[in-house]
Amino acid sequence: MFKHILVPTDGSDLSRSACERAVAFAKSIGAKITFFYAQPDFPLPVYGEGALIDPTTPDQFRRAAKEEADRILAEAKAMAEKENVPCDTDTVVSDTPWEAIIDCAQRHGCDLIFMASHGRRGIASLLLGSETQKVLTHSKLPVLVYR
């Protein structure tokens, strides 16, 4: 039924566990995976009384975010390769990860989004993380939520 699964990841423990489950699921149905990481954009500093000035430059921030994306995606890719599941990776810079996830799924022709119930941003609601909730609300594709 599903041939190409998008698996967003942020490197959190639950997200890594979701990647492992997605690999097992893809292997069982003969599907391909695209692992995806939404890199944060450089935060605009807000200056005022008591504000701390971050010494990180935008270039340093982007470089560090790209390195983190590469590390997280390499880990996920290794999981799939170990199980002989065909996979690709993708990353973009986005302030709205849920939109980036949906865009990535459409761009790669995925027919399922397989994602963790919440990630490193914590639980924004009782059951689901805010990004997961937004993907569920806005995606036209089926979404499988791993808890």
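Treat the numbers as computed from the prediction; the structure is a model and nothing was measured.

**Student:** What am I meant to see in the pattern of salt bridges here?
**Tutor:** In a structure, side chains of opposite charge can pair up when their charged atoms sit close to one another. Following the criterion strictly, the structure yields 7 salt bridges and no others. With a shortest N-O distance of 2.3 Å, Arg 16 and Asp 13 are connected by a salt bridge. Of the two residues, Arg 16 and Asp 13 both sit in helix H1 (residues 13-29), 3 residues apart, roughly one turn of that helix. Residue classification places Asp 13 among the exposed positions, given a relative accessible area of 60%. Linking Asp 70 and Lys 66 is a salt bridge whose minimum nitrogen-to-oxygen distance equals 2.7 Å. Of the two residues, Asp 70 and Lys 66 both sit in helix H2 (residues 58-82), 4 residues apart, roughly one turn of that helix. Here the salt bridges do not stand alone but share partners, grouping Asp 13, Arg 16 and Glu 75 into one network.

**Student:** Help me understand the environment of Ala 69 in this model?
**Tutor:** In this fold, Ala 69 is placed in helix H2. Through-space distance from the C-alpha of Ala 69 to that of Gln 39 is 6.7 Å; in sequence the pair is 30 residues apart. When neighbours within four sequence positions are excluded, Ala 69 is seen to be in contact with Tyr 37, Gln 39 and Thr 91.

**Student:** Is there a simple way to think about the nonpolar core in this case?
**Tutor:** Judged by nonpolar contacts, the single largest core of 24 residues is most densely connected at Ile 5, Val 7, Val 23, Ile 33, Phe 35 and Phe 114. Mapped by element, the contributors of at least two residues to this core are strand S1 (4-8), H1, strand S2 (32-39), H2 and strand S4 (112-116). In contact with Phe 114, other than residues within four places in its own chain, are Ile 5, Leu 6, Val 7, Pro 8, Ala 18, Arg 21, Ala 22, Phe 25, Leu 144 and Tyr 146. Formed by 13 residues, the second largest nonpolar core is a distinct cluster that contains Leu 6, Trp 98, Ala 100 and Ala 105.

**Student:** In this structure, what is going on with the environment of Asp 10? I would like to understand it.
**Tutor:** One can find Asp 10 in the loop between S1 and H1. With 26 residues separating them in the primary sequence, Asp 10 and Phe 36 have C-alpha atoms 8.5 Å apart. At 2.8 Å, the side chain of Asp 10 and the side chain of Ser 12 are in polar contact.

**Student:** When you look at the packing of H1 against H2 in this model, what are you seeing that I'm missing?
**Tutor:** Each pair of packed helices can be summarised by the angle the axes make with each other and by the distance between the axes. Remark: H1 packs on H2, axes separated minimally by 9 Å, with the N-to-C direction vectors making an angle of 25°. Accordingly, the angle class assigned to the pair H1 and H2 is roughly parallel. In this structure, the crossing between H1 and H2 has a hand that is right-handed. Taking contact as the criterion, the partners of Arg 16, Cys 19, Glu 20 and Val 23 in H1 are, on H2, Glu 75, Ala 76, Met 79 and Ala 80. Counted by class, the contact of H1 with H2 contains 5 nonpolar, no polar and 3 charged residues.

**Student:** How should I be thinking about the packing of aromatic side chains in this particular structure?
**Tutor:** Each aromatic ring pair is described using two quantities: the centre-to-centre distance and the angle formed by the ring planes. Counting across every chain of the model gives 2 aromatic pairs. With a centroid separation of 6.1 Å and an interplanar angle of 40°, the aromatic rings of Phe 25 and Phe 114 are classed as tilted. Remark: Phe 114 occurs in strand S4 and Phe 25 occurs in helix H1; sequence separation between them is 89 residues. We classify Phe 25 as partly exposed; its relative accessible area is 24%. Relative accessible area serves as the criterion here: at 4%, Phe 114 is assigned to the buried category.

The rules behind the values
Residues numbered from 1 in each chain as written. Predicted model: local features only at pLDDT ≥ 70, side-chain atom pairs only at ≥ 80, totals over all residues. Heavy atoms only, no water. Salt bridge = Lys/Arg side-chain N within 4 Å of Asp/Glu carboxyl O. Helix = DSSP H or I, 4+ residues; strand = E, 2+ residues; numbered from the N terminus. Buried < 20%, exposed > 50% of the residue type's maximum accessible area, 1.4 Å probe, protein only. Contact = heavy atoms within 4.5 Å. Core = buried A, V, L, I, M, F, W, Y, C linked by side-chain atoms within 4.5 Å. Polar contact = N/O pair within 3.5 Å; in protein donor to acceptor, adjacent residues only side chain to side chain. Axes fitted to C-alpha atoms, helices over the stretch in contact; angles between N-to-C directions. Parallel < 35°, antiparallel > 145°, perpendicular 65-115°, else oblique. Left-handed = near helix turned anticlockwise from the far one by under 90°. Nonpolar A, V, L, I, M, F, W, Y, C, P; charged D, E, K, R; others polar. Phe/Tyr/Trp six-rings, centres within 6.5 Å; stacked < 30°, edge-to-face > 60°.

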